[in-house]
Amino acid sequence: MEILDGKGGFVSAHWDGTTETELAIKDETKATIRCIPIDNPQEVGVCIKSGKPSTQRVLFARAY
Amino acid sequence: MSKEITSRADDYAQWYIDLVRKAGLADYAAVKGCMVIKPYGFAIWEHMRDQLDRMFKDTGHVNAYFPLLIPKSFLSKEAQHVEGFAKECAVVTHYRLKNAEDGSGVVVDPDAKLEEELIIRPTSETIIWNTYRDWIQSHRDLPLLINQWANVVRWEMRTRLFLRTTEFLWQEGHTAHATREEAVAETLTMLDIYARFAEEWMALPVVRGLKTVNERFAGAEDTYTIEALMQDGKALQSGTSHFLGQNFAKAFDVKFATKENTVEFVWATSWGVSTRLMGALVMAHSDDEGLIIPPKLAPTQVVIVPIPKPLPELTEVANTIAADLKARGIRVKIDNDDQNRPGFKFAEYEKLGMPVRIGLGARDLANGTVEVARRDTKEKSSRVFHSTDSVRTSSNCLSTFRQTCSNVRVRTATSILHLRIHGQSSWRSSTARAAL
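Since we're looking at a predicted model, the values are computed, not measured. (Residues numbered from 1 in each chain as written. Chains lettered and ligands numbered in written order. Predicted model: local features only at pLDDT ≥ 70, side-chain atom pairs only at ≥ 80, totals over all residues. Heavy atoms only, no water.)

**Student:** Looking at this model, I keep getting lost on the overall build of chain A. Mind explaining?
**Tutor:** Along the backbone of chain A there are two helices and four strands. The helix and strand sequence of chain A, counted from the amino end, reads α-β-α-β-β-β. Relative to the 2.2 N^0.38 estimate, which gives 11 Å for 64 residues, the radius of gyration of chain A is 11 Å and therefore close to what a compact globule would have. Seen through its principal axes, chain A has C-alpha atoms that stretch 30 × 25 × 20 Å. In chain A, which comprises 64 residues, the share counted as buried stands at 48%. Looking at chain A, you have 8 positive and 9 negative side-chain charges, and the mean spots of the two groups are 5 Å apart. (Helix = DSSP H or I, 4+ residues; strand = E, 2+ residues; numbered from the N terminus. Rg over C-alpha atoms; globule rule 2.2 N^0.38 Å. Buried < 20%, exposed > 50% of the residue type's maximum accessible area, 1.4 Å probe, protein only. Lys, Arg positive; Asp, Glu negative; His and termini not counted. Charge placed at Lys NZ, Arg CZ, Asp CG, Glu CD.)

**Student:** What is the right way to read helix α9 (residues 312–327) of chain B from this model?
**Tutor:** The periodicity of an α-helix, 3.6 residues per turn, causes residues three or four places apart in sequence to face the same way. Residues and elements named next belong to chain B. With 16 residues, α9 should reach 22 Å at 1.5 Å per residue; the first-to-last C-alpha distance of 23 Å fits that figure. What α9 keeps buried is the set Leu314, Thr315, Val317, Ala318, Ile321, Ala322, Asp324 and Leu325. Immediately beyond the C-terminal end of α9, within one or two residues, lies Gly329, with a positive phi of roughly 80°. (Expected span 1.5 Å × (residues − 1).)

**Student:** Would you mind showing me how to read the interface of chain A and chain B here?
**Tutor:** Where interface size is quoted, it is often the accessible area lost as the parts come together. Taken together, the contact pairs 26 residues of chain A with 35 residues of chain B. For the pair chain A and chain B, the summed buried surface comes to about 2,500 Å²; carbon and sulfur atoms form 59% of the total. Inspection of the chain A/chain B interface yields one salt bridge. Counting only elements with at least two residues in the side of chain A that touches chain B, the list comes to β1 (10–14), α2 (19–29), β2 (32–37) and β4 (53–61) of chain A. A total of six residues in the side of chain A that touches chain B trace back to one element, the largest contributor, which is β2 of chain A. Of the residues assigned to the side of chain A that touches chain B, the class counts are 15 nonpolar, five polar and six charged. Pairing of β2 of chain A with strand β11 (residues 207–210) of chain B involves two bridges; the strand directions are antiparallel. Residue Pro37 of chain A lies in a different strand from β11 of chain B, and its bridge partner there is Gly209 of chain B. (Contact = heavy atoms within 4.5 Å. Buried area = accessible area lost by both parts, 1.4 Å probe. Salt bridge = Lys/Arg side-chain N within 4 Å of Asp/Glu carboxyl O. Nonpolar A, V, L, I, M, F, W, Y, C, P; charged D, E, K, R; others polar. Pairing = 2+ DSSP bridges.)

**Student:** Mind showing me how you'd approach the packing of helix α2 (residues 39–58) of chain B against helix α8 (residues 276–285) of chain B here?
**Tutor:** The geometry of a pair of packed helices is captured by two quantities: the angle between their axes and the separation between those axes. All names here are of chain B. Taken N-terminus to C-terminus, the directions of α2 and α8 make an angle of 110°; their axes are 10 Å apart at the nearest point. Judged by the angle between their axes, α2 and α8 are roughly perpendicular. When the axes of α2 and α8 are compared, the crossing they make is right-handed. Together, Gly41, Ile44, Trp45, Met48 and Leu52 of α2 and Leu277, Met278 and Leu281 of α8 make up the contact between the two elements. Looking at the contact of α2 with α8 residue by residue, the classes come out as seven nonpolar, one polar and no charged. (Axes fitted to C-alpha atoms, helices over the stretch in contact; angles between N-to-C directions. Parallel < 35°, antiparallel > 145°, perpendicular 65-115°, else oblique. Left-handed = near helix turned anticlockwise from the far one by under 90°.)

**Student:** What am I meant to see in the environment of Leu191 of chain B here?
**Tutor:** Assignment of secondary structure puts Leu191 of chain B in helix α6 (residues 180–200). The spacing of Leu191 of chain B and Val107 of chain B is 84 residues in sequence and 47 Å in space, taken between C-alpha atoms. Excluding residues that lie within four positions of it along the chain, Leu191 of chain B makes contacts with Ile38 of chain A together with Arg208, Tyr224, Thr225, Ile226 and Ser241 of chain B.

**Student:** What should I look at first to understand the packing of α2 of chain B against α6 of chain B in this one?
**Tutor:** All names here are of chain B. Relative to each other, α2 and α6 sit at 145°, their axes nearing to 11 Å. Between α2 and α6 lies a crossing of right-handed hand. Counting all contacts with α2, which are made through Met48, Gln51, Leu52, Met55 and Phe56, the residues of α6 involved are Met190, Ile193, Tyr194, Arg196 and Phe197. For the contact of α2 with α6, the residue count by class is eight nonpolar, one polar and one charged.

**Student:** What exactly am I supposed to notice about helix α5 (residues 125–135) of chain B here?
**Tutor:** Of all the 11 residues making up α5 of chain B, eight are buried; the element is thus mostly covered by neighbouring parts of the structure. When we look at burial in α5 of chain B, the residues that qualify are Glu125, Thr126, Ile127, Ile128, Trp129, Asn130, Thr131 and Tyr132 of chain B.

Written as structure tokens, this is what we have:
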């Protein structure tokens, strides 16, 4: 999350797909999920917040 | 001139507000959260609007206009929709004022209370789908591809010129389809139009994607978005396209007879971009000296400045160059002001973001040249000018002009890609292609 405090930009990271985790990340970092990119490649990973399994990365950023 | 504009390094938020106000795009209004769009800002918006309108019409859409006021009861017909918008609705309760008995001014006449309160539209799905019930009976009435250019009101607590204002201008498309597949395809077609407009007209690379359940439009099944990145590294949602499923058809009982003579609910989409795009344009491209406006949207694309002031022989040459540029479809202005010094004028044009400036001095003229300056890179070059062959000069200006256009795009695309997408390399390259 130091990226957000520095240059900013999109952070492509794994998310477990729950609104609960999405809001927890927002509370902690002020970053929201901007979108799940179209034609997003599916890949196995773990959620950056909850550690639960995830199937794809999404784009986080602080936004206007 | 830059002194009156806060630098980005000092305070990015203030830099943006300074630019919007001092370049004459917009200003605060008497009502908090509202804005006045000034002529220069409106001229840019008109270019955006005209191009989007062409793109909508090229894909089979037509324009119509629906009322500003919506019966309150309409909003409660779609449960999620009302939940999403209830907190920011402006409500009309009365229709008359009268003089106060103590002479202190006008007051609301309590006898003029409306039986049913009216909502100033925050978006028009409800009133439009209530109308579509009368317009759609058969599969022959579909698809219905309608757009409206309008103002809407959303009572926002924290506002910022163009980016978030209580009243704003936008377009809202509302389409009706016989099948889910057709409606989904429409949703994606419009997303693509928005992305192409952002990239090709605003020189603004965007990411196309799907919103999460938490972030999607109230009443939609899926919300697609284009997301842009501003110079401070914050994202800006720049346009959305919604697949509404049959939610509004069910809420307003809009059914059609299929070819097979069964009766089914209609499938819907809605999509919009707003004056928020003006904020995106300013934030994405400009610098500490002022605006940088991509040439396609610039109200004036080339400004010709006689130096030190418009002497007769300089004016004649300026007119010749301007005529040639105009003949090539370029928007040109000649600065005939003889009050201000060239240095002041140059700074003003930098602040306004005019893409190309042609300086025309007596010494240049003796040498047979003019000075062509680009706003985005601040590069200056001397170009040959023959009074008998002004076409050549025009061509030179034109090529500079086209370079400016592509340069802005390359620059923004590069900066967005260099540092701004952290974590996934494969995705990076696909965006590069899209932007360039």
